[in-house]
Number of protein chains: 4
Amino acid sequence: MVKVGVLGATGMVGQRFISLLAGHPDFEIAALAASGKSAGKRYEDATTWYLNDAMPEEVKDIEVIETDPAKMDKDVEIVFSSLPTEFAAKVEKAYAKDFVVASNASAMRMKKDIPLVIPEVNPQFLDMIDAQQKHNNWDGFIVTNPNCSTIAMTLTLKPIFDNFNINRLYVSTMQAISGAGYNGVPSMGILDNIIPYIGGEEEKMESETLYLLGSLDGDEVKPADFPVSASCHRVAVVDGHTEAVFLELDEDVDIEKVKKVMSEFKGLPQELGLYSAPEHPVIVREEDDRPQPRMDRNASGGMAATVGRLRKDAAMENSLKYVLVGHNTIRGAAGASILNAELINKQIL
Amino acid sequence: MVKVGVLGATGMVGQRFISLLAGHPDFEIAALAASGKSAGKRYEDATTWYLNDAMPEEVKDIEVIETDPAKMDKDVEIVFSSLPTEFAAKVEKAYAKDFVVASNASAMRMKKDIPLVIPEVNPQFLDMIDAQQKHNNWDGFIVTNPNCSTIAMTLTLKPIFDNFNINRLYVSTMQAISGAGYNGVPSMGILDNIIPYIGGEEEKMESETLYLLGSLDGDEVKPADFPVSASCHRVAVVDGHTEAVFLELDEDVDIEKVKKVMSEFKGLPQELGLYSAPEHPVIVREEDDRPQPRMDRNASGGMAATVGRLRKDAAMENSLKYVLVGHNTIRGAAGASILNAELINKQIL
Amino acid sequence: MVKVGVLGATGMVGQRFISLLAGHPDFEIAALAASGKSAGKRYEDATTWYLNDAMPEEVKDIEVIETDPAKMDKDVEIVFSSLPTEFAAKVEKAYAKDFVVASNASAMRMKKDIPLVIPEVNPQFLDMIDAQQKHNNWDGFIVTNPNCSTIAMTLTLKPIFDNFNINRLYVSTMQAISGAGYNGVPSMGILDNIIPYIGGEEEKMESETLYLLGSLDGDEVKPADFPVSASCHRVAVVDGHTEAVFLELDEDVDIEKVKKVMSEFKGLPQELGLYSAPEHPVIVREEDDRPQPRMDRNASGGMAATVGRLRKDAAMENSLKYVLVGHNTIRGAAGASILNAELINKQIL
Amino acid sequence: MVKVGVLGATGMVGQRFISLLAGHPDFEIAALAASGKSAGKRYEDATTWYLNDAMPEEVKDIEVIETDPAKMDKDVEIVFSSLPTEFAAKVEKAYAKDFVVASNASAMRMKKDIPLVIPEVNPQFLDMIDAQQKHNNWDGFIVTNPNCSTIAMTLTLKPIFDNFNINRLYVSTMQAISGAGYNGVPSMGILDNIIPYIGGEEEKMESETLYLLGSLDGDEVKPADFPVSASCHRVAVVDGHTEAVFLELDEDVDIEKVKKVMSEFKGLPQELGLYSAPEHPVIVREEDDRPQPRMDRNASGGMAATVGRLRKDAAMENSLKYVLVGHNTIRGAAGASILNAELINKQIL
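A brief report on the enclosed structure follows. Being a predicted model, the structure only gives us computed values, none of them experimental.

## Some details on the overall build of chain A
Item 1. Looking only at helices and strands, one finds 12 helices and 14 strands in chain A.
Item 2. Taking 2.2 N^0.38 as the reference for a compact globule, 349 residues should give roughly 20 Å; the C-alpha atoms of chain A span a radius of gyration of 20 Å, in line with that estimate.
Item 3. Taken along the three principal axes of its C-alpha coordinates, chain A extends 65 × 50 × 35 Å.
Item 4. With 349 residues in all, chain A has 66% of them scored as buried.

Shown next as structure tokens:
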């Protein structure tokens, strides 16, 4: 068993980390770090638990420590980070001197030598780690996962990207409130309402998607080269982001062939049989009215993206459009970091 | 005062008709028609009133009549129709023998000689009426208004279309539950959920928009000639459709110029000072997080479309994107038919 | 393994039955009955699946049969019924000639010789079965479970009733939409709204509660003899009924003692170790703001009632009040029938 | 025209004050005070406007001043306060030296000589003002209005209290999110959920109700003497509190007589024809499923309480129960203070 720690352990994504790590066959929760006001308390006493599943027994008595690498037990090998961006920017590097940092924070994404990875999409980007360790003179390293909306969409794009040429992509999201944290969205803002703006989200979708579908050329990432345009909106859904995707390809495609490549798509986590890997990263549904977030967000334990309404436009040449749902705090956050860690554990540690 | 009747008077759009017609300076409600089981009852007794504003006193004692042109008082000049599609297809023509039919039903939209009109966008299409009357040998005629999602979007497109060349359009909608009628969307389908499908809606948006922006060549409509692709979704909002619009123009535009042409846009209803005409059909907001349906649906009594987040993509050439909100049962339904009738009353009757 | 059938298998409670029976150690789903239009189809083809958990693989290929005892495989021993009331009144007796009928329908509740049972509360009422079989000359029999709101409340009342004397009870419910079936509550009725009426619900709570806490005197049930007053309301919650309970006892109680008797309460299912029995039927929480339906409905797999805010009034003598949450379609419906069947299987079959 | 000021002008209740005062025939908004960070800005620039109705033109250009009596224009006669409790406790007395303070804050409620008033219920309590001015040596004075849940309930109780003897009262509330302010209730707390606790609310309902129905004996209030027990819950409704009321009277009442006294109830504001006074403070509805907050909160401009489901219990002697809806930020807050001010303006100033 690999001992792991969680940074930001009392927050919403921190709780997802704990929920997913409890009972994990390879990882054992050995340390929980949070802000100074929680440090020193039992985890159960320090935390207002937000998830529908009960707090795992095994973490209740763990004493919360400060978010300081010096306080982290040296037996820990991997630390999962769900720290706020600015704070992550400060401390993740300090942890990387000694630990593997699997981070869900956006601070270090797409930075030089720091891989941004979806294991089914660009596992080869982990090759950057050597350079990262060498340049920084670290024993550990940092690996990051993308933004929640980007992960679900890129999973569904990968089989299309591999089989067809994408000329352009438009995406309109309908995102769940849990993505903003427990106190992020006031109920007065979302009941009988939509908030048509999520700070920084469109920029992340437009850049991270192309990075992930890009290629690694020595130390440099060469992003995929089609334009992406996103419009991001918050709606009254608890968990599960829904995204309407419009593609222009460079040929007229057969919808059945698209469904086939999506349904059959598998990546390295499936080959390696990683614990958190869904059997099918992309599930294709045929019903007119699916995917729906409440019905489909938990598919494969929340680790698969569900696609539906695959269709073409009569009037728009070489078009392909569909709707997808992905669980934003499982596949889109904690589960993404954990799958990265499982891959690293199998191939690098 | 012109005497008017309402067909489908007990339904949701029928109630909106009544609510908007109560106190109207030019129209007087003289007849309310509904299904056989309501006929013969006082309107108040026949109706479960759904609107937040109370039922107007003036209609409570009106005896509901059957949906049969023979039962309609001959003094009535205009009948407003919110009949279900299939039923409208059968009876609207019968009413047109003697009455002006201002219809919100989709049955007769874009049929030969039957104008589909937004008064600010294509009022000249009313010129079809002569041919309609002649070909059918009717004393009355039928005029229709577009689908709810189409009206709000086309209002916002008209000033862009008049000032720039649109190459293509993608639109993703987040539509209110009231659009499906009181019993249309089960709460189990929409609480903590999204339904990513509305039957026929995408096809209507893709065809009606181009018709409305088209030109009239003799008796024939020549639709605008850019491709439109829509993806339509139902969300947990009571009233007010929200739409994310992505445009490709044939030049790089100045956003401030776009805001200016949208803000300053006025049409014939504004020139003529029609009673229900909003001062500005399109309201442009500057805040990052607007428009929002609960906040903006009632702008100008629900008759204006509100636009926000006007911006361009860094990577997508000649792009323009924005979000709009329009009230689906006012400007998108009953109010649209009434504005059509006001224009007809001013120019034709 | 006891072979079981489900009547009303395609509806919401029917789906809960299937979900809870899949993987059950003692019961094997052998027959699924539904209305004529579903009969003859594969279950997967006949059903729009509403639950968040996926349809169990083992039922997908079962051919749905008509709701007719003659069509039911004779190897089946227990049939679970979630039939609509009027239909249940007609057919459950016919099934009882040959099968054990564990019914969630209200049709036969509190009828002569037909036990209405919560296994933790009044398991001795199963003694009525002999008389039922004899009087009707049936080989099978019918056992029923209470209304969803009643079950959760009565579980929490039982330890109080056993330890103190209740003088009167007022209860105000806030009930989930799933209790009305998938199409039961229109979204227009519940979004940003409350419906302060649920037909028949108050009467059921007021009568069933006293029956369940009553005693069996020969063939006759002698109900508990304090007055109960209920006010029932529908709110925008998917699953989980919340109830505010106000009690007048005949003495001033120590709140800590009440918590203790509630927390320590166990019944026959716990003694017998029945598969679906929660370890603690009543869970007492100390936080100010619990129980909450989204957080607490799934406690112990949805089979426990969660209680919080146990307190007394300063001004109201001998008072006790609290709030409870119970899962309405698990402990309040399908799970209740299954626990009844587990008890019958252990003690009678 | 009486010049008025608003304290806490940028908050939610402050915005309601402004919305209700705009166009008021007797009051003119002359000053808007808010926290230091807003002071010096135009009101439109200082405020994120939350109401569905647009910000009134007349306040947009008013320069916000600090919450300091010395900054208040001496021509102002009445200041409306929606300050947070602790801050109100500090500054309202300072304003009372020179101004009439009509306060919605809870800080000074039920304090010696400071009247807590609902004009239809206990207008005679304004007689305390003389003593208040004398004891404090103030030229102005303070008058307060009750908690939002209390106002609506007490309006409905007053005609019952005047015509029958109440032995006890239980009330369970389902309160709207707007009662907690814009940022008060996180959406994660209320979507598909209920929060069964509102700090201090039950105590306020239990004490203020009896004070309001009490009598004034010299300088002392003698509260009504029946016990009140409240259980308060937050639900997913934007505006409008719903309350289930259970009464024990000292006789068996005729429901039709109760409806009559409630429907016919009028108070001093109705006699005096005050501008904001609803024609009927209590509206009685006969439908099974009313009142509903979205449908009934705006009755009489949000100033009336709507009652329905008036009924007795079969088993509970001398019982009476009903459900009520009142608008929490109009009749329950800003509108309450304004009606108090209208009464003061008519009778005292």
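Having put the structure on the table, let's press on.
## A look at the relation of the copies chain C and chain D
Item 1. When chain C is fitted onto chain D, the two copies agree to an RMSD of 0.0 Å after a turn of 180 degrees and an axial shift of 0.0 Å. Classification of the inter-copy transformation places it as that of a two-fold axis.
Item 2. A high fraction, 100%, of the interface residues of chain C reappear at the interface in chain D, so the copies pair face to face through one surface.

## Some remarks on the relation of the copies chain A and chain B
For these two chain copies, the linking operation is a rotation about an axis paired with a shift along it.
Item 1. Once chain A has been moved 0.0 Å along the axis and rotated by 180 degrees, it coincides with chain B to within an RMSD of 0.0 Å.
Item 2. Comparing interface residues between copies, 100% of those in chain A also lie at the interface in chain B; the contact surface is shared.

## A look at the interface of chain A and chain B
Item 1. Residue-level contacts link 48 residues of chain A with 48 residues of chain B.
Item 2. If you sort the residues of chain A by the area they bury against chain B, Asp192, Arg294 and Met316 of chain A come out on top, with a joint share of 17%.
Item 3. The tally of links from chain A across to chain B stands at 10 salt bridges.
Item 4. Applying the counting rule to chain A against chain B returns 31 residue pairs in polar contact (both at pLDDT 80 or more).
Item 5. Only strand 7 (166-175), helix 8 (201-212), strand 10 (228-234), strand 11 (241-249), helix 11 (293-296), strand 13 (305-311) and strand 14 (319-326) of chain A provide two or more residues apiece to the side of chain A that touches chain B.
Item 6. Looking at side-chain class alone, the side of chain A that touches chain B contains 26 nonpolar, seven polar and 15 charged residues.

## Concerning the pairing of strand 11 (residues 241-249) of chain B
Residue and element names in this part refer to chain B.
Item 1. The buried fraction of strand 11 is high, at nine of nine residues.
Item 2. By the bridge criterion, eight bridges tie strand 11 to strand 14 (residues 319-326) in an arrangement that is antiparallel. What sits directly across from Leu247, in strand 14, is Leu320.

## Examining the pattern of salt bridges
Item 1. Applying the stated criterion to the full structure yields 104 salt bridges over all chains.
Item 2. Glu120 of chain C is the partner of Arg331 of chain C in a salt bridge, and the nearest nitrogen-oxygen pair spans 2.4 Å. Taken as a pair, Arg331 of chain C in helix 12 (residues 330-347) and Glu120 of chain C in the loop between strand 5 (100-103) and helix 5 (128-136) lie far apart in primary sequence, 211 residues in all.
Item 3. Under the relative-accessibility criterion, Arg331 of chain C is labelled buried at 3%.
Item 4. The class for Glu120 of chain C is buried, based on a relative accessible area of 3%.
Item 5. A network of salt bridges, in which partner residues are shared, links Arg42, Glu44, Asp45 and Asp61 of chain A.

## Concerning the sheet that holds strand 12 (residues 282-284) of chain B
Residue and element names in this part refer to chain B.
Item 1. Read from one edge of the open sheet, six strands run 10-7-11-14-13-12, paired in mixed fashion. Two strands close off the open sheet at either side, each with one partner strand: strand 10 (228-234) and strand 12. Between one strand and the next, the sheet's axes are offset by a mean angle of 20 degrees, whatever the strand orientation.
Item 2. Pairing analysis gives seven bridges linking strand 7 (residues 166-175) to strand 10, with the strands arranged parallel. Within strand 10, the residue paired with Leu169 across the bridge is Val228.
Item 3. Against the sheet, helix 8 (residues 201-212) engages strand 7, strand 10 and strand 11, with an angle of about 140 degrees to strand 10.
Item 4. Strands strand 12, strand 13 (305-311) and strand 14 of the sheet are contacted by helix 9 (residues 255-264), whose axis makes an angle of about 175 degrees with strand 13.

## Some points on the sheet that holds strand 3 (residues 65-66) of chain B
Residues and elements named next belong to chain B.
Item 1. Across the sheet, six strands lie side by side as 3-2-1-4-5-6; this open sheet has parallel pairing. A single partner strand is all that each edge strand has here, and the edge strands are strand 3 and strand 6 (141-144).
Item 2. Both strand 1 (residues 2-7) and strand 2 (residues 27-34) contribute to a ladder of six bridges, which runs parallel. Bridged to Lys3 within strand 2 is Glu28.

## Comments concerning empty space enclosed by the protein
Item 1. Within the structure shown, the criterion is met by six cavities of 30 Å³ or more.
Item 2. A volume near 60 Å³ is recorded for the largest cavity.
Item 3. Residue lining of the largest cavity: Ile190, Leu191, Asp192 and Ala236 of chain A, Leu191 and Ala236 of chain B, Leu191, Asp192 and Ala236 of chain C together with Leu191 and Ala236 of chain D, and that is the complete set.
Item 4. Taken together, the residues that form the lining of the largest cavity break down as nine nonpolar, no polar and two charged.

## Digging into the interface of chain C and chain D
Item 1. On the chain D side, the residues contacting the 48 residues of chain C number 48 residues.
Item 2. Taken together, the two surfaces of chain C and chain D that pack against each other cover about 4,000 Å², and 56% of this comes from carbon and sulfur.
Item 3. A per-residue breakdown of the area chain C buries against chain D is headed by Asp192, Arg294 and Met316 of chain C, which together make up 17% of the total.
Item 4. On the surface where chain C and chain D come into contact, there are 10 salt bridges.
Item 5. The residue Arg297 of chain D makes a salt bridge to Asp192 of chain C at a minimum N-O spacing of 2.9 Å.
Item 6. For the pair chain C and chain D, the number of links is 31 residue pairs in polar contact (both at pLDDT 80 or more).
Item 7. Elements supplying a minimum of two residues to the side of chain C that touches chain D: strand 7 (166-175), helix 8 (201-212), strand 10 (228-234), strand 11 (241-249), helix 11 (293-296), strand 13 (305-311) and strand 14 (319-326) of chain C.

## Observations concerning the packing of aromatic side chains
Item 1. Following the criterion strictly, the structure yields 31 aromatic pairs over all chains and no others.
Item 2. With a centroid separation of 6.3 Å and an interplanar angle of 45 degrees, the aromatic rings of Phe161 of chain C and Phe226 of chain C are classed as tilted. Here the residue Phe161 of chain C occupies a position in helix 6 (residues 148-163), and Phe226 of chain C occupies one in the loop between strand 9 (220-222) and strand 10, the gap between them amounting to 65 residues.
Item 3. By relative accessible area, Phe161 of chain C is classed as partly exposed at 26%.
Item 4. Each member of the aromatic cluster is reached from another via a ring pair, and the members are Tyr170 and Phe246 of chain A together with Tyr170 and Phe246 of chain B.

## Focus: helix 5 of chain C
Owing to its 3.6 residues per turn, the α-helix brings residues three or four apart onto one side.
Residue and element names in this part refer to chain C.
Item 1. Among the residues of helix 5, Met128, Ile129, Ala131 and Gln132 are the ones counted as buried. Each buried residue of helix 5 sits inside an arc of 165 degrees when the element is viewed along its axis, so together they form one side. Along helix 5, the residues that are exposed and aim more than 90 degrees away from the buried face are Asp130 and Lys134.
Item 2. If you follow the buried residues of helix 5, they end up packed against strand 6 (141-144), helix 8, strand 8 (215-217) and strand 9.
Item 3. Once helix 5 ends, the next one or two residues include Asn137, with phi positive near 60 degrees.

## Concerning the packing of helix 6 (residues 148-163) of chain D against helix 9 (residues 255-264) of chain D
Residues and elements named next belong to chain D.
Item 1. For the pair helix 6 and helix 9, interaxial distance at closest approach is 9 Å and the crossing angle is 120 degrees. Relative to helix 9, the element helix 6 is oriented oblique. Crossing hand, helix 6 versus helix 9: right-handed. Only Val258, Val261 and Met262 of helix 9 make contact with helix 6, whose side of the interface consists of Thr156, Pro159, Ile160 and Asn163.
Item 2. Tallied by class, residues from the contact of helix 6 with helix 9 come to five nonpolar, two polar and no charged.

## As for unusual backbone geometry
Item 1. With an omega of 5 degrees, the peptide bond between Arg290 of chain A and Pro291 of chain A qualifies as cis.
Item 2. Along the polypeptide, Pro291 of chain A turns up in the loop between strand 12 (282-284) and helix 11.
Item 3. One non-glycine residue with positive phi stands out, namely Asp113 of chain C, at about 70 degrees.
Item 4. Examined against the element boundaries, Asp113 of chain C turns out to sit in the loop between strand 5 and helix 5.
Item 5. With relative accessibility at 5%, the residue Asp113 of chain C sits in the buried group.

## Things to note about the side chain of Glu342 of chain A
Residue and element names in this part refer to chain A.
Item 1. Its location among the elements puts Glu342 in helix 12 (residues 330-347).
Item 2. With no salt bridge to any partner, buried Glu342 finds its closest opposite charge in Arg331, at an N-O distance of 8.8 Å.
Item 3. Reaching out from Glu342, the side chain makes a polar contact with the backbone nitrogen of Tyr275 at a distance of 3.3 Å.
Item 4. Setting aside anything within four residues of it in sequence, one finds Glu342 in contact with His24, Phe27, Leu274, Tyr275, Ser276 and Ala277.

## Describing the side chain of Thr209 of chain D
Item 1. Mapped onto the secondary structure, Thr209 of chain D falls in helix 8 (residues 201-212).
Item 2. Overall, the relative accessible area of 0% leaves Thr209 of chain D in the buried class.

Conventions adopted
Residues numbered from 1 in each chain as written. Chains lettered and ligands numbered in written order. Predicted model: local features only at pLDDT ≥ 70, side-chain atom pairs only at ≥ 80, totals over all residues. Heavy atoms only, no water. Helix = DSSP H or I, 4+ residues; strand = E, 2+ residues; numbered from the N terminus. Rg over C-alpha atoms; globule rule 2.2 N^0.38 Å. Buried < 20%, exposed > 50% of the residue type's maximum accessible area, 1.4 Å probe, protein only. Least-squares fit on C-alpha atoms with pLDDT ≥ 70 in both. Contact = heavy atoms within 4.5 Å. Buried area = accessible area lost by both parts, 1.4 Å probe. Salt bridge = Lys/Arg side-chain N within 4 Å of Asp/Glu carboxyl O. Polar contact = N/O pair within 3.5 Å; in protein donor to acceptor, adjacent residues only side chain to side chain. Nonpolar A, V, L, I, M, F, W, Y, C, P; charged D, E, K, R; others polar. Pairing = 2+ DSSP bridges. Axes fitted to C-alpha atoms, helices over the stretch in contact; angles between N-to-C directions. 1 Å grid on protein atoms, 1.4 Å probe; cavity = no way out; pocket = protein on both sides within 12 Å on 5 of 7 lines; lining within 4 Å. Points joined across faces, edges and corners; volume = space filled by probe spheres on them. Phe/Tyr/Trp six-rings, centres within 6.5 Å; stacked < 30°, edge-to-face > 60°. Arc of directions from axis to C-beta. Parallel < 35°, antiparallel > 145°, perpendicular 65-115°, else oblique. Left-handed = near helix turned anticlockwise from the far one by under 90°. Lys, Arg positive; Asp, Glu negative; His and termini not counted.

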